[in-house]
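Chains, contacts and geometry: an overview
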There are 2 protein chains.
Amino acid sequence: MKQIEQIKEWGGYLNRYTHYANTCQCEMTFSVYLPPQAATQRVPALYWLSGLTCTDDNFRVKAGAQRYAADYGIALIIPDTSPRGDSVPDIPERYDQGKGAGFYVNATQAPWAENYQMDAYITRELPALVEEHLPLLPGIRSISGHSMGGHGALVCALRNPGMYRSVSAFAPICNPSLSPWGLACFSLYLGEERALWEQYDAVCLIKAGAQIPTEILVDQGTADEFLDAGQLLPENLKAACKLMELPLRLRMQEGYDHSYHFIGSFIGEHIAYHAQVLGLRR
Amino acid sequence: MKQIEQIKEWGGYLNRYTHYANTCQCEMTFSVYLPPQAATQRVPALYWLSGLTCTDDNFRVKAGAQRYAADYGIALIIPDTSPRGDSVPDIPERYDQGKGAGFYVNATQAPWAENYQMDAYITRELPALVEEHLPLLPGIRSISGHSMGGHGALVCALRNPGMYRSVSAFAPICNPSLSPWGLACFSLYLGEERALWEQYDAVCLIKAGAQIPTEILVDQGTADEFLDAGQLLPENLKAACKLMELPLRLRMQEGYDHSYHFIGSFIGEHIAYHAQVLGLRR
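Residues numbered from 1 in each chain as written. Chains lettered and ligands numbered in written order. Predicted model: local features only at pLDDT ≥ 70, side-chain atom pairs only at ≥ 80, totals over all residues. Heavy atoms only, no water.

A word on the UniProt feature "active site" (unreviewed entry) in chain A. All names here are of chain A. Under the UniProt annotation, the feature "active site" (unreviewed entry) is placed at Ser147, Asp224 and His258. For the annotated residues, spread through 112 residues, the largest C-alpha to C-alpha distance comes to 10.8 Å, consistent with a single compact locus. By the element assignment, Ser147 lies in the loop between strand S6 (136–145) and helix H4 (148–159). Under the relative-accessibility criterion, Ser147 is labelled buried at 4%. (UniProt positions renumbered as here; feature names shortened; annotations may be inferred. Helix = DSSP H or I, 4+ residues; strand = E, 2+ residues; numbered from the N terminus. Buried < 20%, exposed > 50% of the residue type's maximum accessible area, 1.4 Å probe, protein only.)

The structure is reproduced here in structure tokens:
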């Protein structure tokens, strides 16, 4: 991996790297915030998965998370949301399919399967890479994300027991098999076999018995336009967790929307939650 | 003034307004963050002046200031950096002249003089407007800004004794008469009469005896590319304050650059400083 940018922030460093991803068969860019503590010791990592249309840049610029990461001594690992490059298939006229909309699955359908292997990238290739090259505590990870990335965080945690110490999400697409965004991308990347869709759907995974050791923390704004549009379906997550007795702390945040202003208002509480599970103190 | 957007953030509201500005003879857009306290009482205001190329959007999205404004109960008033609209003169190929580069002066030269009246807009028209329509404590104001806006904040405070309770700046253009950016805009907007330039130059104003009742707080990153390029000249501000016995707290921040990541790292300390002068507690 090659470092292409370094910016000092909150006493630590916001770095950007590129590398050739074997999973996605293309050059990938990601950002890492290393808190001041990482100058002298290895630190745990919080993976952040972004939503539709985002790159690694949105979260690092808009959420104000680095402040809390510096407080607690936790690294932020911020990947891109899809494979990139001229050779990667895309539907340029759609913001919600193709580039910027990888949906954190391993595609099985042509022409997507060659590059759209975001599940393998996020849960296998990227952790191995950053834990080899950066001052991170191997295997000590938590995960969070927003919207499509909230879906990704939940699914990564549910599919990989023990891989993440804690999971949280902002306005996640809880039940993508029933959401217009999810339906469109799943049929595109995974074809029409619904049993495969269910392997990447938090509600379906929970109903099928997937476990998470700690409480799942979810914030959802009540003024979120995509809530009324039926894209997010937190009520289905709530019902599934209740059915399977999985601990869920779903907070409906009165008057908040779907934007980074919403994320910024609560990211400190999410990082405090992950830090507590990870045994960190500010 | 017409409200065109409202976003809930940190328990308060980030609002955006448009209005016809008599000073600038055009439609202007600005943002205001009203902290939760403003729902039940009038609050003081911190004016933020942004740098070259910015609109009212950059600071509200990138600096993370709203969190601290909510902590202390201070409103943030975030104007644009120049007049706008198709009828406003511009030099489209220059990022540092014309639109986005108002330099917070009242232009005297054609064709700029008709619209580029940013000094009058910032110090007269905008405060009168927001204090009439929003839950602000009349006349209780502080001011801060970045780069061109840091210059603006210093000059607004130095030219208007008593108008602002406190002033701070991030990487300000301290001595624009000697900076390539300032030279270009001053000659464009103000013509070649140097005595007029000095009315909008913090170092010249201080040397001419301008007073500020409280300490001036300035943060400057040592890795700021525009510092080495001679655009900012904090050493001239330091010398002028020393000469005139004006209290200056100039903090050279090791390794920080000119970006919003630098601002975000220290905006909390600036707001804490203004809050202390304004008599606010978190």
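What follows deals with the interface of chain B and chain A. When the parts of a complex come together, some accessible area is lost, and that lost area is often taken as the interface size. Taken together, the contact between chain B and chain A spans 20 residues of the former and 20 residues of the latter. Taken over both partners, the interface formed by chain B and chain A buries close to 1,700 Å², and the fraction arising from carbon and sulfur atoms is 51%. Of all residues in chain B, B:Lys8, B:Trp10 and B:His261 bury the most surface against chain A, accounting for 36% of the area lost on that side. Linking chain B with chain A are zero salt bridges. Applying the counting rule to chain B against chain A returns ten residue pairs in polar contact (both at pLDDT 80 or more). Of all the secondary structure elements, the ones that give two or more residues to the side of chain B that touches chain A are strand S1 (2–9), helix H1 (57–62), helix H2 (66–72) and helix H10 (260–277) of chain B. Its residues placed into classes, the side of chain B that touches chain A shows six nonpolar, seven polar and seven charged. (Contact = heavy atoms within 4.5 Å. Buried area = accessible area lost by both parts, 1.4 Å probe. Salt bridge = Lys/Arg side-chain N within 4 Å of Asp/Glu carboxyl O. Polar contact = N/O pair within 3.5 Å; in protein donor to acceptor, adjacent residues only side chain to side chain. Nonpolar A, V, L, I, M, F, W, Y, C, P; charged D, E, K, R; others polar.)

Geometrically, the link from A:Ala110 to A:Pro111 is a cis peptide bond, its omega value of 0 degrees lying close to zero. With respect to the helices, strands and loops of the structure, A:Pro111 is situated in the loop between strand S5 (75–78) and helix H3 (118–133). Backbone geometry at A:Thr53 places phi at a positive 80 degrees, although glycine is not the residue there. You can see A:Thr53 is positioned in the loop between strand S4 (43–49) and helix H1 (57–62). A positive phi is found at B:Leu233, a non-glycine position, where the angle reads about 55 degrees.

On to the sheet that holds strand S5 (residues 75–78) of chain B. Adjacent strands of a sheet pair through backbone hydrogen bonds, lying either parallel or antiparallel. All names here are of chain B. The strand order across the open sheet built from six strands is S1-S2-S3-S5-S4-S6, with neighbouring strands paired in mixed fashion. With one partner strand each, in any of the chains shown, S1 and strand S6 (136–145) form the two edges of the open sheet. When strand polarity is set aside, the average angle formed by the axes of neighbouring strands in this sheet is 25 degrees. Sheet topology note: the strand S4 (residues 43–49)/S5 ladder contains three bridges and is parallel. For Tyr47, the partnering residue across the bridge sits in S5 and is Ile77. Against the sheet, helix H3 (residues 118–133) touches strand S2 (12–21), strand S3 (26–34), S4, S5 and S6, its axis set at about 145 degrees to S6. (Pairing = 2+ DSSP bridges. Axes fitted to C-alpha atoms, helices over the stretch in contact; angles between N-to-C directions.)

All names here are of chain A. The six strands lie next to each other as S1-S2-S3-S5-S4-S6, forming an open sheet whose pairing is mixed. Two strands lie at the open edges of the sheet, namely strand S1 (2–9) and S6, each paired on one side alone. Neighbour to neighbour, the strand axes of the sheet diverge by 25 degrees on average, direction disregarded. Pairing of strand S3 (residues 26–34) with S5 involves three bridges; the strand directions are antiparallel. Each residue of the ladder has a partner; that of Ser31, found in S5, is Ile78. Contacts from H3 reach strand S2 (12–21), S3, S4, S5 and S6, with the element oriented near 145 degrees to S6. On the sheet, H4 packs against S4 and S6 and is oriented at approximately 135 degrees with respect to S6.

Another point: the relation of the copies chain B and chain A. Turning one copy of the chain about an axis and sliding it along that axis gives the other copy, so a rotation and a shift relate them. After a rotation of 180 degrees and a shift along the axis of 0.0 Å, chain B superposes on chain A with an RMSD of 0.0 Å. In symmetry terms, the pair is related by a two-fold rotation axis. Of all interface residues in chain B, 100% are interface residues in chain A too; the two copies therefore contact each other through one and the same surface. (Least-squares fit on C-alpha atoms with pLDDT ≥ 70 in both.)

Moving on: the packing of aromatic side chains. Residues and elements named next belong to chain B. Under the criterion given, the structure shown has 28 aromatic pairs over all chains. When the centroid spacing of 5.5 Å and the interplanar angle of 65 degrees are considered together, the rings of Trp112 and Tyr189 count as edge-to-face. Residue Trp112 is found in the loop between S5 and H3, and its partner Tyr189 is found in helix H5 (residues 180–190); the two are separated by 77 residues along the sequence. For Trp112, a relative accessible area of 5% puts it in the buried group. Here the aromatic rings of Tyr116 and Tyr189 are separated by 5.2 Å at their centres, their planes lie at 25 degrees, and the arrangement is stacked. Of this pair, Tyr116 sits in the loop between S5 and H3 while Tyr189 sits in helix H5, and the two are 73 residues apart along the sequence. (Phe/Tyr/Trp six-rings, centres within 6.5 Å; stacked < 30°, edge-to-face > 60°.)

Turning to the pairing of S6(B), a few remarks are in order. Residues and elements named next belong to chain B. Across the ten residues that make up S6, a large majority, seven, are buried. Alignment of S4 against S6, held across six bridges, turns out to be parallel. Each residue of the ladder has a partner; that of Ala45, found in S6, is Arg141.

Right, let's get into the pattern of salt bridges. With the rule as written, the count across this model stands at 28 salt bridges over all chains. A salt bridge links B:Glu269 to B:Arg251; the shortest N-O distance between them is 2.8 Å. Placement of B:Glu269 in helix H10 and of B:Arg251 in strand S9 (residues 248–253) is noted, with a sequence separation of 18 residues between them. With a relative accessible area of 40%, B:Glu269 lands in the partly exposed category. Of the residues examined, B:Arg251 reaches a relative accessible area of 19% and is grouped as buried. Among the charged side chains, a network of salt bridges with common partners joins A:Glu5, A:Arg16, A:Asp56, A:Asp57 and A:Arg60.

Residues and elements named next belong to chain B. In this model, H10 (18 residues) spans 24 Å end to end at C-alpha, consistent with the 26 Å of a helix rising 1.5 Å per residue. Approximately 45 degrees is the largest bend angle found in H10, and it occurs at Phe266. Of all 18 residues that make up H10, 14 are buried, and the element is covered over most of its length. Between a side-chain oxygen at the N-terminus of H10 and the backbone nitrogen of His261 the separation is 3.1 Å; the capping residue is Ser259. Of the residues trailing H10, Gly279 is marked for its positive phi of about 75 degrees. (Expected span 1.5 Å × (residues − 1). Bend = angle between axes of the 7 residues up to and from the residue.)

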